[in-house]
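Here is how the chains run, residue by residue.
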Amino acid sequence: MEIMGASLRICVADIETAIPFYERLAGGTAQRFERGGVQVAAIGSFLLMSGPEAELEILRKVTATIAVKDVGEAHQVLTGLGARILVEPVPTPAGRNLLAMHPDGSIFEYVDQRG
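Note that the structure is predicted; figures quoted are calculated from it, not measured. (Residues numbered from 1 in each chain as written. Predicted model: local features only at pLDDT ≥ 70, side-chain atom pairs only at ≥ 80, totals over all residues. Heavy atoms only, no water.)

Engineer: I'd like a description of the packing of aromatic side chains, backed by residues and values.
Structural biologist: Within the structure shown, the criterion is met by 2 aromatic pairs. Relative to Y22, the ring of F21 has its centre 5.0 Å away and its plane inclined at 85°; by these criteria the two rings are edge-to-face. F21 gets classed as partly exposed once you look at its relative accessible area, which sits at 46%. Arranged with centres 4.9 Å apart and planes meeting at 55°, the rings of Y22 and F46 form a pair that is tilted. Of this pair, Y22 sits in helix α1 (residues 15-26) while F46 sits in strand β4 (residues 46-50), placing them 24 residues apart in sequence. Each member of the pair Y22 and F46 is classed as buried. Ring-pair connections join several aromatic residues into one group, and the members of that group are F21, Y22 and F46. (Phe/Tyr/Trp six-rings, centres within 6.5 Å; stacked < 30°, edge-to-face > 60°. Buried < 20%, exposed > 50% of the residue type's maximum accessible area, 1.4 Å probe, protein only. Helix = DSSP H or I, 4+ residues; strand = E, 2+ residues; numbered from the N terminus.)

Engineer: Pulling in residues and values, what's your account of the sheet that holds β4?
Structural biologist: Sheet architecture is open: 8 strands sit in the order β2-β3-β4-β1-β5-β8-β7-β6, paired in mixed fashion. The open sheet has two edge strands, β2 (31-35) and β6 (84-92), and neither has a second partner. Neighbour-to-neighbour, the strand axes of this sheet turn through a mean angle of 25°, independent of strand direction. Where strand β3 (residues 38-43) meets β4, 5 bridges bridge the pair, whose relative direction is antiparallel. (Pairing = 2+ DSSP bridges. Axes fitted to C-alpha atoms, helices over the stretch in contact; angles between N-to-C directions.)

What follows is the structure, given as structure tokens:
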């Protein structure tokens, strides 16, 4: 499994106010999408999220988002290493993703760009 990078997950109260700061900080433009009532903006290594508190409470439990070349391959490697897959691979506007709990209890999202 090839890890291509990681994004820092940041829950914000007002995504419209937060975006300009992170665009200037990262030197890029936000890629926006919505998932499950949560507004998301990907800017460089930052993943901003804003929405209903019940949804954000769940998202805060995810340590980081890890970009991989292939989520299917990541699934095989992770299960082989003893990780528990919490959410099987699903397509999203940004690519496929899955949620996995590592043997130490840490939860990570793995994503690829294969839509």
